Each structure stands twice: as C-alpha cells, then as structure tokens.
Amino acid sequence: MNKNIINIVNYGDRICASLECNGRRLASINGSCFSSLDAVKSALLELAGRYVGMAVLTVRNCTQGWRDVTAMATMRRPVVANQPAMATAPSMGSQYLIPWSL
C-alpha cells in the first residue's frame, strides 16, 4: 500500500466525515465548505466536545473519490463541576440525610 499519497481537500468538494470513539459516533459532518483536511478535522473535534481515548476519524471526499481513516489519541478530559460543600448538604452514601429526621 502506498502511504505517500497526500489527500487534498479543495473548497467546494463534497465531504462526508465522522469521528468515533469506543464504537460510539461522537460527531459527523456532511458538507462542501471546507478548504483543507485540517479544517475538516477541527470542525469534527469542535462538534465532538470533550472525550478521552482513541478515536477514529474517517474523511471521505465524494468529489475526488478518496477516503482517509486516521486514529487520533486525545486527553481532552471533561471538566468536573465543583462539588457543593459538605456542611450545607450532609450525605452518607448516595442519599442525602435530613438532620431533623434522625
């Protein structure tokens, strides 16, 4: 297989692309307003949001007739929300305790 082939995206080419992680489709696009392969990748990453792990990026240029499949590893961890203070809502296990009901 010849790996020296460079896939070029021209503005106006019909592009179908998807990003999948752990067998789940995170994002997909279908359009013709991309000027480069990097523009397609960044649009998919923006749509996918935050995820962690190995993802498979599939880009198909329907106009030129080629397909590119690339693996992408990322550490885009989700943002953890601040936990409420324990003094305001005491809890034990997964249920809240009501202090006057004890």
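Preceding block: the structure.
Residues numbered from 1 in each chain as written. Predicted model: local features only at pLDDT ≥ 70, side-chain atom pairs only at ≥ 80, totals over all residues. Heavy atoms only, no water.

> Residue-level account of unusual backbone geometry, with values.
Of note, N22 is a non-glycine position whose phi angle comes to about 55 degrees, a positive value. Looking at the element boundaries, N22 is found in the loop between β1 (15–21) and β2 (24–31). (Helix = DSSP H or I, 4+ residues; strand = E, 2+ residues; numbered from the N terminus.)

> Residue-level account of the environment of S35, with values.
Within the secondary structure layout, S35 lies in the loop between β2 and α1 (37–48). Distance from S35 to G12, taken between C-alpha atoms, is 7.9 Å for residues 23 residues apart in sequence. Non-local contacts of S35, meaning those with residues more than four positions away in its chain, are made with V9 and Y11. (Contact = heavy atoms within 4.5 Å.)

> Lay out the state of the cysteines with the relevant residues and their values.
Summed over all chains, the structure comprises 0 disulfides. Distance from the sulfur of C62, which forms no disulfide, to the nearest cysteine sulfur (C16) is 3.6 Å. Given the relative accessible area of 27%, C62 is considered partly exposed. (Disulfide = S-S within 2.5 Å. Buried < 20%, exposed > 50% of the residue type's maximum accessible area, 1.4 Å probe, protein only.)

> An account of the pattern of salt bridges is needed here, citing residue identities and associated values.
A complete count under the given rule lists 1 salt bridge for this structure. With a closest N to O distance of 3.3 Å, E20 and R25 form a salt bridge. Overall, E20 belongs to the partly exposed group, its relative accessible area being 31%. (Salt bridge = Lys/Arg side-chain N within 4 Å of Asp/Glu carboxyl O.)

> Just give me the short version of the pairing of β1, but keep the residues and values in it.
Of all 7 residues in β1, 5 are buried, a share of seventy percent or more. Alignment of β1 against β2, held across 7 bridges, turns out to be antiparallel. Its bridge partner being in β2, S18 is matched across the sheet by S28. In textbook terms, the turn of a hairpin is the stretch between consecutive antiparallel strands, and for β1 and β2 this stretch comprises 2 residues, one of which, N22, has a positive phi near 55 degrees. Bridging between β1 and strand β3 (residues 52–61) involves 7 bridges; their strand directions are antiparallel. Of the residues in β3, the one forming a bridge with S18 is T58. (Pairing = 2+ DSSP bridges.)

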